[in-house]
Amino acid sequence: MRTDVRDAHDASAAAAEEWKSWHDRRTAKVSEPHGPLSLTGTHWLADHVDGRIPAVPGVWREDGDEVVLSAGAGDGLTADGEPLDGEIRLTPDRGPIGESRIAAGERRLVVLRREGLWAVRDFDPRSAARHAFRGIEATPYDSHWALPGRFHPYDEHRTVRVENADGVERGLGIAGEIVFDVDGAEHTLGVAVEPDGSLWAVFADTTSGNGSYRFRFLRPPAPAEDGTVLVDFNRALLPPCAFAEHFICPFPPPGNTLTIGVPAGERNLIAG
């Protein structure tokens, strides 16, 4: 075997092994006690004007840039690990779910703010979805879908209105687009830029709803200084709402429904 052919084979084998490790970590992550499978409700405070959320202890009310939670000893809530008997002012939780400030036994009650509206999310490790989880259906690594691409930032950040999984239209920020070729044809996806410089795309393709979930996420790494970036569909992700219907994932923005099939990456949830 020629050296260049052998090197290419070794590189592909290494990439496949790295993908398998990534897939195993991803499966373990989503099935953690407070992973996405444990979300049992997203409760908007505007829908509960008296501050009482069914099945969620305490009284929750918004007050400007904070949420005020009132609870008695009988509610069984803790704040920062200590029993809560009285009132506490809360801001949105930013860290890991398991480290959120308010807990009810094993449950974590997470404060969320989206477009000026407040909500409380209930993560319960005993959720039916978590106990029914059997894995993530994913296509084994295929180097054909690890594509060289280029990132083109927009002159100005754009916000488009897109429908979300809960049926509500919300703003989605788009900072530029990635351009890549598949079998000689050029395609583009609008992307957001994350705080660490990595990219995020919400996309669909001709397999969406027909062999794959209705849409997926793609998270390419931060582009190089010249704009080049790896567009690796082997790491296409199921969105959180594939694991629990209470997430409010955005649907693909205009232009992000590919005219080709992408039979790569995560495809569907496997549940018993």
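Summary of the structure given here. (Residues numbered from 1 in each chain as written. Predicted model: local features only at pLDDT ≥ 70, side-chain atom pairs only at ≥ 80, totals over all residues. Heavy atoms only, no water.)

1. Describing the side chain of His187
- Along the chain, His187 turns up in strand 13 (residues 185–193).
- Apart from the residues lying within four places of it in its own chain, the contact partners of His187 are Ile178, Val179, Phe180, Val182, Leu258, Thr259 and Ile260. (Helix = DSSP H or I, 4+ residues; strand = E, 2+ residues; numbered from the N terminus. Contact = heavy atoms within 4.5 Å.)

2. Digging into the state of the cysteines
- Overall, the coordinates contain zero disulfides when judged by the stated rule.
- Cysteine Cys241 is unpaired, with the sulfur of Cys249 as its nearest cysteine sulfur at 3.1 Å.
- Of the residues examined, Cys241 reaches a relative accessible area of 8% and is grouped as buried. (Disulfide = S-S within 2.5 Å. Buried < 20%, exposed > 50% of the residue type's maximum accessible area, 1.4 Å probe, protein only.)

3. Section: the sheet that holds strand 2 (residues 59–63)
- On the basis of which strands lie adjacent, the open sheet formed by three strands has the order 2-3-6 and antiparallel pairing. Two strands close off the open sheet at either side, each with one partner strand: strand 2 and strand 6 (86–90). On average, each strand axis in the sheet is inclined to that of its neighbour by 20°, with strand direction left out of account. (Pairing = 2+ DSSP bridges. Axes fitted to C-alpha atoms, helices over the stretch in contact; angles between N-to-C directions.)

4. A word on the nonpolar core
- Membership of the largest hydrophobic core comes to 28 residues, with the highest contact counts inside it found for Phe215, Phe217, Phe243 and Phe247.
- Broken down by element, this core gets its largest block of residues, three residues, from helix 1 (residues 3–30).
- Ignoring any residue separated from it by four or fewer positions in sequence, one finds Phe243 in contact with Arg26, Val30, Pro36, Leu37, Ala129, Phe133, Ile136, Leu238 and Leu269. (Core = buried A, V, L, I, M, F, W, Y, C linked by side-chain atoms within 4.5 Å.)

5. Observations regarding unusual backbone geometry
- Notably, Glu115 is not glycine yet its phi reads approximately 50°, a positive angle.
- With respect to the helices and strands, Glu115 occurs in the loop between strand 8 (107–114) and strand 9 (117–123).
- Phi at Asp183 takes a positive value of approximately 55°, unusual for a residue other than glycine.
- By secondary structure assignment, the location of Asp183 is in the loop between strand 12 (169–182) and strand 13.

6. Some details on the sheet that holds strand 16 (residues 228–232)
- Strand order across the open sheet formed by six strands is 15-14-13-12-11-16, with antiparallel pairing between neighbours. Sheet topology places strand 15 (216–218) and strand 16 at the edges, where each strand pairs with a single neighbour. Ignoring strand direction, the axes of neighbouring strands in this sheet form an average angle of 45°.
- Of the pairings in the sheet, the one linking strand 11 (residues 146–163) to strand 16 comprises five bridges and is antiparallel in character. Along strand 16, the bridge assignment pairs Gly149 with Val229.

7. Concerning the packing of aromatic side chains
- Here the structure, examined in full by the defined rule, presents nine aromatic pairs.
- Ring centres 6.4 Å apart and planes at 45° place the aromatic pair Phe215 and Phe217 in the tilted group.
- For Phe217, a relative accessible area of 6% gives the class buried.
- Between the NZ or CZ atom of Arg158 and the centre of the ring of Tyr154, over which it lies, the distance is 3.6 Å. (Phe/Tyr/Trp six-rings, centres within 6.5 Å; stacked < 30°, edge-to-face > 60°. Lys NZ or Arg CZ within 6 Å of the ring centre and 35° of its normal.)

8. Regarding the pattern of salt bridges
- For the structure shown, the criterion picks out 16 salt bridges.
- Arg235 is the partner of Glu18 in a salt bridge, and the nearest nitrogen-oxygen pair spans 3.5 Å. Here Glu18 is found in helix 1, whereas its partner Arg235 is found in the loop between strand 16 and strand 17 (266–271), with 217 residues between them in sequence.
- Relative accessible area serves as the criterion here: at 48%, Glu18 is assigned to the partly exposed category.
- With its nearest N and O atoms 2.7 Å apart, the salt bridge here joins Glu266 to Arg26. One end of the pair, Glu266, is in strand 17; the other, Arg26, is in helix 1, and 240 residues separate them in sequence.
- What makes Glu266 buried here is its relative accessible area of 0%.
- Each of the salt bridges in this network shares a partner with another, and the network as a whole consists of Asp63, Glu66 and Arg89. (Salt bridge = Lys/Arg side-chain N within 4 Å of Asp/Glu carboxyl O.)

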